[in-house]
2 protein chains.
Amino acid sequence: MSLTSEAVRIGVAGLGRAFVLMQGAFHADPRVRLVAAAAPRAESRAAFEDQYGGAAYDSVEAMCADPEVEAVYIATPHQMHREHVEAAARHGKHVLVDKPLAVTLEDGTAMVEAAEAAGVQVIVGPSHSFDAPVRLARDIIESGEFGALRMIQAFNYTDFLYRPRRPEELRTEEGGGVLFSQAVHQVDIVRLLAGGMGRQITAMTGDWDPERPTEGAYSALIGFEGGAFATLTYSGYAHFDSDLWMGNVGELGHEKPADGYGAARRALKELDPAREAALKSTRTFGSATPLRTPEHHEHFGPVIALLDRADLRLTPDGVEIFGNETREFRAAPGTDRPRHGVLDALVDAVRHGRAPAQTARWGMASLEVCHAILRSAKDGGAPVRLEHQVKTDHGETSK
Amino acid sequence: MSLTSEAVRIGVAGLGRAFVLMQGAFHADPRVRLVAAAAPRAESRAAFEDQYGGAAYDSVEAMCADPEVEAVYIATPHQMHREHVEAAARHGKHVLVDKPLAVTLEDGTAMVEAAEAAGVQVIVGPSHSFDAPVRLARDIIESGEFGALRMIQAFNYTDFLYRPRRPEELRTEEGGGVLFSQAVHQVDIVRLLAGGMGRQITAMTGDWDPERPTEGAYSALIGFEGGAFATLTYSGYAHFDSDLWMGNVGELGHEKPADGYGAARRALKELDPAREAALKSTRTFGSATPLRTPEHHEHFGPVIALLDRADLRLTPDGVEIFGNETREFRAAPGTDRPRHGVLDALVDAVRHGRAPAQTARWGMASLEVCHAILRSAKDGGAPVRLEHQVKTDHGETSK
């Protein structure tokens with residue numbers, strides 16, 4: 001750890017869609033600087049060198065060896081996370097690894113061990129648990145101002161399954177489907193609010209479109225240490241768009257166009273199936289149009305948290321507090337600094353050795369819940385005990 | 001059964017809050033006529049005779065013996081339903097019995113047997129499964145127009161626990177708490193939409209206010225024959241009001257006043273606890289101000305049903321259909337005829353011998369689900385198999 005106020009020098013592993021979505025945040029934050037990248041496609045590497053002037057590698061290992069790199073943002077496909085986190089740890093680099101931590105619990109365990117053995121910080125993010133309204137809600141809950149947390153309901157209806165996909169994104173065993181890329185957000189949010197320690201879960205999943213054969217929907221009921229419970233519901237097949245109940249603001253914080261109804265399905269229908277993976281690659285760095293700065297915070301669908309003396313409703317701008325006699329709105333600051341939460345965590349970890357809640361062990365705990373949803377559903381809704389849960393801890397100082 | 005078009009002559013057992021809520025419907029419908037009543041309070045009986053000119057009895061048994069009475073509407077407290085249904089059956093009278101059918105499954109079984117032995121129709125209602133938008137949604141699902149039903153999410157956040165209550169309404173074993181008076185609506189709606197045959201359920205409940213010690217909230221995950229599943233969530237402790245997501249229309253179909261926030265808790269706080277039961281009785285027949293005719297249909301909170309090619313969102317006016325490429329709204333007719341659904345069913349049953357879905361056996365099935373929620377929650381969220389389920393059948397002709 002280096003206790004300077006110098007910008008954290010970041011190497012990016014993977015210049016795909018995840019990086020495109022993080023670019024604005026890196027840009028806007030003077031506390032970080034992109035100094036290197038690794039990507040298999042020459043076009044992406046050239047675009048990176050062009051835009052950032054840093055070194056672009058064709059292997060993650062080589063980039064991790066670059067002494068200029070202090071921390072690595074791993075934004076490669078899920079099933080490669082383990083290899084890339086291990087490479088970073090070998091070279092003593094701190095890590096920000098995109099959610100989910102990994103696809104298998106075995107990989108997750110190996111990553112936790114690699115990080116701890118090397119003494120590097122591993123943060124799993126960005127995920128929607130870093131969204132400012134989620135963190136504000138957690139602060140309100142932790143303050144005790146409204147008594148104990150009792151119940152959470154989180155749901156999200158999207159067209160996830162009908163956006164352009166690479167083939168492996170529709171294969172569950174490779175981390176495809178909604179469990180690993182979508183449930184993990186919801187699990188992260190709900191665990192963060194509820195204190196982290198899931199005890200037991202029952203769930204059912206849906207795999208309803210033979211042309212896109214993977215889990216596209218689920219409902220789960222999870223019980224937490226202390227007695228709170230939560231329902232999590234997601235459909236990536238959805239026609240109803242739950243953003244209607246989030247002020248018509250989309251996941252990335254943008255107001256949705258009035259004429260956007262059914263756009264994903266329509267576009268896919270008009271597409272030559274052979275071209276779908278290629279279309280996805282037009283949404284990667286070097287090809288995609290840069291995203292405009294959102295007007296609101298990101299979000300992951302409606303979340304209602306019930307406490308003894310108030311209910312909290314998360315919005316794309318903050319938290320609405322419905323109290324015993326009055327209601328009030330508390331704004332979550334920083335809509336002008338997109339995704340600043342995850343960069344706060346990264347800078348804190350690299351410069352001050354303070355781990356956020358979302359460590360590698362935390363990522364394992366959320367990954368465990370995703371697997372438990374699959375297992376419970378496979379067993380007809382049987383309860384699955386959770387064994388890798390960790391508490392929501394903030395500001396924990398590393399060894 | 002008498003095949004005339006004469007108005008069905010109804011005797012009312014119990015002139016409490018349930019009757020007040022049905023009065024408008026009886027008034028508005030020329031196919032029914034109130035000819036008798038039974039109530040323990042002389043004031044209620046006098047008010048009935050005054051308003052309707054019929055005979056008012058102090059015992060349900062005596063009223064059932066009145067030859068003028070063809071059908072009995074049983075609106076007495078839950079735990080008295082069995083005795084009163086048995087009395088009606090003994091006298092060969094058809095029955096409309098308020099939900100829930102009974103509190104215990106033993107009572108429910110006895111009532112099914114009494115009805116079948118006497119050859120009388122027993123309809124469990126009114127419940128929100130008779131609301132016109134629910135029946136419209138069921139028709140859309142049954143038509144097959146949008147493929148198979150896959151998933152339902154139903155939730156409702158109300159101040160149920162803080163409205164004025166009689167003591168037994170806060171004692172679970174006497175049918176108090178939200179399971180027997182509130183869950184049963186949601187279970188009825190979801191079962192009706194999903195075809196009726198629940199297979200298994202897991203649930204957690206909340207009993208969070210020591211001053212009102214009964215279940216005030218629950219979440220449940222239920223699997224149906226054929227693979228569809230549903231989540232049901234209810235909080236009667238709520239501060240957040242889910243009617244915000246129903247166009248700010250309340251359960252009874254009225255638009256909510258802008259300044260109504262927190263009214264139930266405020267009123268209760270200002271009340272001498274000893275007067276609470278008395279306050280409840282001011283909401284009964286003879287004391288309550290008649291309700292104004294609602295502008296919309298009744299509802300029981302947001303319900304989203306996912307089908308293969310559309311999602312249905314129930315509103316207080318009909319069903320919004322979110323299709324693959326377009327969305328449309330289908331109005332449910334009859335907002336000018338409040339609760340006409342349950343009276344359609346009653347007239348059909350008495351005059352044409354056609355049973356609705358909501359028979360005594362149906363009521364047993366919904367009651368079973370309520371008990372299963374309690375049992376699963378008591379066992380820490382263990383799955384409970386359902387054994388008394390019946391299909392959603394319409395227009396079944398009686399023997």
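The name an unreviewed UniProt entry assigns to chain A is 4,5-dihydroxyphthalate dehydrogenase, from the organism Brevirhabdus pacifica.

1. Here's the deal with the pattern of salt bridges
Evaluation of the coordinates by the stated rule reveals 56 salt bridges over all chains. Between E70(A) and R351(A) there is a salt bridge; the shortest N-O distance is 2.8 Å. Remark: R351(A) occurs in helix α10 (residues 340-352) and E70(A) occurs in the loop between α3 (60-65) and β4 (71-74); sequence separation between them is 281 residues. Residue E295(B) is joined to R292(B) by a salt bridge in which the shortest nitrogen-to-oxygen separation is 3.4 Å.

2. What to know about the pairing of strand β10 (residues 229-235) of chain A
All names here are of chain A. Buried residues dominate β10, accounting for seven of its seven residues. For strand β7 (residues 149-157) and β10, the ladder comprises seven bridges, and the chain directions are parallel. If you follow I152 over to β10, its bridge partner there is A230. Pairing of strand β9 (residues 217-224) with β10, which is carried by seven bridges, proceeds in the antiparallel orientation.

3. Comments concerning the interface of chain A and chain B
Contact with chain A, which involves 52 residues of that partner, is made by 52 residues of chain B. Together, the buried faces of chain A and chain B total about 4,500 Å²; carbon and sulfur atoms form 65% of this surface. Here chain A is connected to chain B by two salt bridges. For the salt bridge of K269(B) with E325(A), the shortest nitrogen-to-oxygen distance reads 2.9 Å. If you look at where chain A meets chain B, you find 19 residue pairs in polar contact (both at pLDDT 80 or more). For the side of chain A that touches chain B, the elements supplying multiple residues, two or more each, are β7, β8 (198-206), β9, β10, α8 (263-269), β11 (303-307), β12 (310-314) and β13 (318-323) of chain A. Class assignment for the residues of the side of chain A that touches chain B results in 25 nonpolar, 17 polar and ten charged.

4. Observations regarding the UniProt feature "domain: GFO/IDH/MocA-like oxidoreductase" (unreviewed entry) in chain A
Following the UniProt record, the feature "domain: GFO/IDH/MocA-like oxidoreductase" (unreviewed entry) maps to residues 134-246 of chain A here. Between the C-alpha atoms that bound residues 134-246 of chain A there is a distance of 14 Å. The span itself is 25% helix and 29% strand.

5. A short note on the domain arrangement of chain A
Note: interface size is frequently given as the accessible area lost on complex formation between the parts. Residues and elements named next belong to chain A. When its domains are assigned, chain A resolves into domain 1 (3-128 + 338-360 + 388-397) and domain 2 (132-334). Contacts between the two partners involve 35 residues from domain 1, matched on the other side by 41 residues from domain 2. Among the residues of domain 1 in contact with domain 2, R17, H128 and Q389 are the three that bury the most area, contributing 26% of the side total. A salt bridge links R339 to E298; the shortest N-O distance between them is 2.7 Å. Counting only elements with at least two residues in the side of domain 1 that touches domain 2, the list comes to α1 (17-28), α2 (42-52) and α10. Residue contributions to the side of domain 1 that touches domain 2 peak at six residues, all from α2. A class-by-class count of the residues in the side of domain 1 that touches domain 2 yields 14 nonpolar, 14 polar and seven charged.

Conventions used here
Residues numbered from 1 in each chain as written. Chains lettered and ligands numbered in written order. Predicted model: local features only at pLDDT ≥ 70, side-chain atom pairs only at ≥ 80, totals over all residues. Heavy atoms only, no water. Salt bridge = Lys/Arg side-chain N within 4 Å of Asp/Glu carboxyl O. Helix = DSSP H or I, 4+ residues; strand = E, 2+ residues; numbered from the N terminus. Buried < 20%, exposed > 50% of the residue type's maximum accessible area, 1.4 Å probe, protein only. Pairing = 2+ DSSP bridges. Contact = heavy atoms within 4.5 Å. Buried area = accessible area lost by both parts, 1.4 Å probe. Polar contact = N/O pair within 3.5 Å; in protein donor to acceptor, adjacent residues only side chain to side chain. Nonpolar A, V, L, I, M, F, W, Y, C, P; charged D, E, K, R; others polar. UniProt positions renumbered as here; feature names shortened; annotations may be inferred. Domains from an automatic or database assignment.

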